[in-house]
Amino acid sequence: MHSKHIAVIGAGYWGKNLVRNFYNLGALRTVCDISQEAVRKFTDQYPGTIGCCAYSEVLADEAVQGVVLATPAIAHAQQAKDALLAGKDVYVEKPLCLSEAEGAELITLAEKQGRILMVGHLLWYHPAVLKLKELIDAGGLGRIQYIYSNRLNLGKLRREENVLWSFAPHDISVILGLLGEMPESIQAQGGNYLHRKIADTTVSLLNFASGVRAHIFVSWLHPFKEQKLVVVGDKKMAVFDDTAPWPDKLLLYPHSVEWAGNIPVAHKAEAARVPLPEGEPLLAECQAFLDAIASRKPPYTDGKEGLNVLKVLNRCQQALESGATVAVEQAEEKSWQAHPSAIVDKAAVIGHSTKIWHFSHILAGSEIGPECSIGQNVVIGPKAKVGKGCKIQNNVSVYEGVTLEDYVFCGPSMVFTNVYNPRCEFPRKNEYRQTLVKRGATLGANCTVVCGITVGSYAFVGAGAVVTADVPDFALMVGCPARQIGWMSRFGERLDLPLTGDGEAVCPHTGEKYQIAEGKLRLAA
């Protein structure tokens, strides 16, 4: 890879900072801007840099691997698309684009082209935010209760976007990342003072399913500059003040609230500085783009993170315009697989890495744990529960009232029931009996488990058996009706032990020792 392989598109208000940092990192090849005067200025200031006014020249330059877009947001979607199609990695200043559909298209295109897509959410490269994330994830603040941010200034007034789109993306990005969730609903209000169609101040309230509330106040009509984020937990409170000197950028307040006589009493404590390494966040962000190009691993602020921020921005705008509470659609993170012929009802919960095969149906209200394998022609539910790592073979129906704990094996065509004395003419849905199959049990092919019983942990029910009574832990059951003929280890080996009396045995595969006493088998300590 050529050492100078980055082209910065747009060298204006913010682009000049990107030009400076990529040059200082030894990676800047080209500065592209519609102003010939600006281009000439930067090529003079940064020797060895190529200047051009046509974006097409950048896209045609094979030596350019990474394109950095510091152009108006309205141009981001098309310019990023053109760069990805030209085989370039892309760093686009916030926001990713203006349309969620275009954002999703860019993510898909980047994946298809095998390209890096990065969004310039600068605060994720600030040492204070990284340390704050570390503290929250480690439980240092306790349960997070609410967050508020102020981004205020008498600054650059824009006419291509309102203050929400200009200032709030950074705070939205940080809040989503710190909490690790999307808001359920958003409320917003603002004021248009300099132009009747452009908001100069906005306040947005984000409501999260976890109970956290966050508000974001942004304004470019403020007497002084303030960039402050406050995170309140039930153990400690954190304040990130980006306008403070480095030693005071991140402070922890160990305040507490105690109840005395059913009255809350606040106890204040001195703030503690959180040590931070000093450094320019933009330099770290530029280096992160170079690292992503070299490693081919997406940065933290990738296209998906950018799309989440864009979605929240759009809902804030909708709430601002309508004056109503706006719901945020929750992305379905489908971490499980189902064959196209399978049917999974929307109200079913499926754990990660679970696989559901041909012609199976998971009914509403059912809960299936992670890492399960659901075979062909299986019906689960409604409202059945299947634990982690279970394997349900072909042609099995797990009806309402049946609960399988973790790592249960259901052999092909085995049968559960949920009504003891069924009649077609007389429905008995209010008479379902609960069946519990405990951890690690095996139910052999074509066996039947009559409702209302418990199959013990690591029990082994042989093929074709009909189970009509509770089964002890580790019991080996065969026949119709099923009777106990021995004991099985957790591994699945028969143990040389009597059905009654006392005794000990060792599993030949695991070395685990088992003891029997009073007709019950247990693992020895």
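Each remark here, short or long, concerns the structure printed above.
Residues numbered from 1 in each chain as written. Predicted model: local features only at pLDDT ≥ 70, side-chain atom pairs only at ≥ 80, totals over all residues. Heavy atoms only, no water.

Visitor: So, the pattern of salt bridges: which residues are in play, and what are the values?
Guide: Evaluated as defined, the whole model comprises 15 salt bridges. The partner of Asp-171 in a salt bridge is Arg-151, with the nearest N and O atoms 2.8 Å apart. Linking Asp-171 in helix H7 (residues 163-179) with Arg-151 in strand E7 (residues 144-152), this pair joins segments that are 20 residues apart in sequence. Each member of the pair, Asp-171 together with Arg-151, is buried. Each of Asp-89, Arg-115 and Arg-296 takes part in a single network of salt bridges with overlapping partners. (Salt bridge = Lys/Arg side-chain N within 4 Å of Asp/Glu carboxyl O. Helix = DSSP H or I, 4+ residues; strand = E, 2+ residues; numbered from the N terminus. Buried < 20%, exposed > 50% of the residue type's maximum accessible area, 1.4 Å probe, protein only.)

Visitor: Lay out the packing of helix H6 (residues 127-137) against H7 with the relevant residues and their values.
Guide: Put simply, H6 and H7 touch, their axes get as near as 9 Å, and they point 25 degrees apart. Judged on the interaxial angle alone, H7 and H6 are roughly parallel. Considering only the axes of H6 and H7, their crossing is right-handed. Facing Val-129, Leu-132, Lys-133 and Ile-136 of H6, the residues of H7 in contact are Val-174, Gly-177 and Leu-178. (Axes fitted to C-alpha atoms, helices over the stretch in contact; angles between N-to-C directions. Parallel < 35°, antiparallel > 145°, perpendicular 65-115°, else oblique. Left-handed = near helix turned anticlockwise from the far one by under 90°. Contact = heavy atoms within 4.5 Å.)

Visitor: Can you break down the pairing of E7 residue by residue, with the values?
Guide: As defined by bridge partners, E7 adjoins strand E11 (residues 226-233) across eight bridges and the pair is classed as antiparallel. By the bridge assignment, Ile-144 is partnered in E11 with Gly-233. (Pairing = 2+ DSSP bridges.)

Visitor: Account for empty space enclosed by the protein, naming residues and giving values.
Guide: By the definition in use, this model includes one cavity of 30 Å³ or more. Of the voids in this model, the largest cavity is the one considered here, and its volume is about 60 Å³. Contributing to the lining of the largest cavity are Leu-123, Asn-150, Arg-151, Asp-171, Val-174, Gln-227, Lys-228, Leu-229, Phe-240 and Asp-242. Those elements that provide at least two residues to the lining of the largest cavity are E7, H7 and E11. (1 Å grid on protein atoms, 1.4 Å probe; cavity = no way out; pocket = protein on both sides within 12 Å on 5 of 7 lines; lining within 4 Å. Points joined across faces, edges and corners; volume = space filled by probe spheres on them.)

Visitor: Tell me about the packing of aromatic side chains, residues and numbers included.
Guide: Enumeration over the complete set of coordinates arrives at nine aromatic pairs. For the ring pair Phe-22 and Phe-289, a centre distance of 6.4 Å and an interplane angle of 80 degrees mean the geometry is edge-to-face. Pair noted here: Phe-22 is in helix H1 (residues 15-24) and Phe-289 is in helix H8 (residues 281-295), with a separation of 267 residues, a long-range link. Residues Phe-22 and Phe-289 agree in their burial class; the two are buried. A centroid spacing of 6.1 Å and a plane angle of 85 degrees characterise the contact between Phe-167 and Trp-220, whose relative ring orientation is edge-to-face. In this pair, Phe-167 sits in helix H7 while Trp-220 sits in the loop between strand E10 (213-219) and E11, placing the two residues 53 residues apart along the sequence. (Phe/Tyr/Trp six-rings, centres within 6.5 Å; stacked < 30°, edge-to-face > 60°.)

Visitor: Explain the sheet that holds strand E24 (residues 373-374) to me, using residue names and the numbers behind them.
Guide: One open sheet holds the 10 strands; their spatial order is E18-E21-E24-E27-E30-E33-E36-E38-E39-E40, and the pairing between them is mixed. The open sheet terminates on both sides in strands that have one partner only, identified here as strand E18 (337-338) and strand E40 (494-495). Strand direction decides the pairing type here: strand E27 (residues 391-392) and strand E30 (residues 409-410), joined by two bridges, are parallel. Within E30, the residue paired with Ile-392 across the bridge is Cys-410.

Visitor: Could you give an account of the sheet that holds strand E29 (residues 402-404), naming the residues involved and the relevant values?
Guide: Strand pairing in a sheet relies on backbone hydrogen bonds, with the paired strands running either antiparallel or parallel. With parallel pairing, six strands are arranged side by side in an open sheet as E20-E23-E26-E29-E32-E35. For this open sheet the edge positions go to strand E20 (349-350) and strand E35 (454-455), each flanked by a neighbour on one side alone. Pairing analysis gives three bridges linking E29 to strand E32 (residues 435-437), with the strands arranged parallel. Bridging across to E32, Val-402 finds its partner in Thr-435.

Visitor: Just give me the short version of the environment of Val-92, but keep the residues and values in it.
Guide: Along the polypeptide, Val-92 turns up in strand E5 (residues 89-93). Along the chain, Val-92 and Ile-9 lie 83 residues apart, while their C-alpha atoms are 9.6 Å from each other. Look past the residues within four positions of Val-92 in its chain and what remains in contact with it is Leu-69, His-76, Met-118, Val-119 and Gly-120.

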